[in-house]
Amino acid sequence: MKFGARAALQLEPRNLWTVDLEPASGSILQEVYEGLSQARKQLPPKLFYDRRGAALFGAICGTQAYYPTRTENAILRRRAVEIAGEIGADSAVIEFGAGQIEKIRLLLPSLRPTIYAALDISREQLVQASSRLAQDYPWLAVIAVIGDYGSPLEAQLTLPAYARRVVFFPGSTIGNFEPEQAVGFLQRVRTLVGDKGGMLIGVDLEKPVRILDLAYNDPEGYTAAFNLNLLARLNRELGADFELAAFEHHAFYNADRSRIEMHLRSLRAQRVRIGSRAFAFAAGATIHTENSYNYTPQAFGEMARAAGFPGSRMWTDPDHLFGVFFLHS
Ligand code: AVJ
């Protein structure tokens, strides 16, 4: 019998289940129109992560300048036993935006959850990463959920009542939310996990500006390439005609709002065509592509409390660059 590539991919490990919550629509055109029609042009950071963007993010994580990934990994590795002690036995871990499913591996030997559910919008990456995980941990029930954690999941994710539900949200992705949105998101998680559940979340901590500036302006130029890839993606997927050399990466710390801002700055006055529409850029005008907020441990603890997680414990690195919080009721 002849097997196509698809059939070969479906030889999944028996401890893996796949759930598809993603409607097949997929076009980013409406979001792009909306963002570029604002007085202050903006695009949502989730658009960074097409295949090339995900690879560039991987490259950023490998640089000396970008401290969050290696710092968080070191905390998870060093504190795995303590973290597992806080969470307890028989947990059902739900990771939002699981990507390559690397960080949970640091916890699995100590934590030994009953269920691990990985949620991500990138179908191909998720299926590959979750089947590798299921193969490596035959005792673990792995559920791969193709879906967007930005949309309501409460009704769709029914997990066994005996297990303590814990949402795992590493990587300081919470920093991409406006503080008010972040509280709303934590509230949704609180509803999803229930009274005895919890959340394990990575948060970037306040620190000297020069460290932040360097992290978002790495000398290798991967962050610039990651930012500019957004325009390349619009060219590829929407047939837009952005001239990449006519825009530059611009990242800086906004001290008033405790956030790194990333923009794409137009180097000259120009018009860009996307689909049936055209957008004008003045020289020096920017598209705001991302905020990465950082918090003091106190400020983040207060946000968590406001969202219904009065209990919080933080682990950090010796330089206090990054915090891993376990939040619970
Ligand atoms: C994956 C959202 C946490 O904000 O630091 C890396 C993405 N942007 N370099 C971050 C990113 C620029 C990253 N997060």
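In the block above lies the structure referred to throughout.
Now for a quick tour of the structure. Please read all numbers here as calculations on a predicted model, not as lab measurements.

Some thoughts on the site of the ligand
No. 1: Surveying the vicinity of the ligand reveals 14 residues, the closest of which are Tyr-66, Gly-171, Tyr-216, Glu-290 and Ser-292.
No. 2: Within the side chain of Tyr-66, an N or O atom sits 2.5 Å from an oxygen atom of the ligand.
No. 3: Contact between the ligand and Tyr-216: an oxygen atom at 2.5 Å from a side-chain N or O atom of the residue.
No. 4: Notes on the ligand: free accessible area 350 Å², of which the protein chains cover 97%.
No. 5: If you list the elements that add at least two residues to the shell around the ligand, you get helix H3 (51–61), helix H9 (222–238) and strand E11 (286–293).
No. 6: Looking at the shell around the ligand residue by residue, the class counts come to 7 nonpolar, 6 polar and 1 charged.

Here's the deal with the sheet that holds E11
No. 1: The antiparallel open sheet is built from 3 strands, whose spatial order is E7-E8-E11. Bordering the open sheet on either side are strand E7 (247–254) and E11, each of which pairs with just one other strand. Each adjacent strand pair in this sheet contributes to an overall mean axis angle of 20 degrees, direction not counted.
No. 2: Examined bridge by bridge, E7 and strand E8 (residues 259–266) share 8 bridges and lie antiparallel to one another. Bridge pairing links Phe-247 to Ser-266 in E8.
No. 3: Contacting E7, E8 and E11, H9 crosses the sheet at an angle of about 55 degrees to E8.

Topic: the pairing of strand E13 (residues 322–328)
No. 1: Counted residue by residue, E13 has 6 buried out of 7 residues, so it is predominantly covered.
No. 2: Across 7 bridges, strand E6 (residues 198–204) lies against E13 in antiparallel orientation. Paired with Gly-198 across the bridge in E13 is His-328.
No. 3: With 6 bridges connecting them, strand E12 (residues 311–316) and E13 associate as antiparallel partners. Bridge pairing in E13 links Gly-311 to His-328.

Describing helix H6 (residues 123–136)
No. 1: Here H6 contains 14 residues, and its C-alpha end-to-end distance of 20 Å stays within 8% of the 20 Å for a straight helix at 1.5 Å per residue.
No. 2: When H6 is considered as a whole, its buried residues turn out to be Gln-125, Leu-126, Val-127, Ala-129, Ser-130, Ser-131, Leu-133 and Ala-134.
No. 3: Packed against the buried residues of H6 are strand E1 (16–20), H3, helix H5 (108–111), strand E3 (115–120) and strand E4 (141–146).

What about the environment of Glu-86?
No. 1: Of note, Glu-86 is situated in helix H4 (residues 67–87).
No. 2: With 97 residues separating them along the chain, Glu-86 and Val-183 place their C-alpha atoms 23 Å apart.
No. 3: When near neighbours in sequence (up to four residues on either side) are disregarded, Glu-86 contacts Arg-164, Arg-313, Trp-315 and Phe-326.
No. 4: In this structure the side chain of Glu-86 is engaged in a polar contact, spanning 2.7 Å, whose partner is the side chain of Arg-313.

So, the side chain of Thr-223
No. 1: Along the chain, the position of Thr-223 falls in helix H9.
No. 2: Judged by its relative accessible area of 3%, Thr-223 is buried.
No. 3: In this view, Thr-223 contacts Ile-60, Ala-215, Tyr-216, Asp-218, His-249 and Met-262; residues no more than four positions away in its chain are not counted.

What counts, and at which threshold
- Residues numbered from 1 in each chain as written.
- Predicted model: local features only at pLDDT ≥ 70, side-chain atom pairs only at ≥ 80, totals over all residues.
- Heavy atoms only, no water.
- Near = heavy atom within 4 Å.
- Polar contact = N/O pair within 3.5 Å; in protein donor to acceptor, adjacent residues only side chain to side chain.
- Areas by Shrake-Rupley, 256 points an atom, 1.4 Å probe, with all protein chains shown as cover.
- Helix = DSSP H or I, 4+ residues; strand = E, 2+ residues; numbered from the N terminus.
- Nonpolar A, V, L, I, M, F, W, Y, C, P; charged D, E, K, R; others polar.
- Pairing = 2+ DSSP bridges.
- Axes fitted to C-alpha atoms, helices over the stretch in contact; angles between N-to-C directions.
- Contact = heavy atoms within 4.5 Å.
- Buried < 20%, exposed > 50% of the residue type's maximum accessible area, 1.4 Å probe, protein only.
- Expected span 1.5 Å × (residues − 1).

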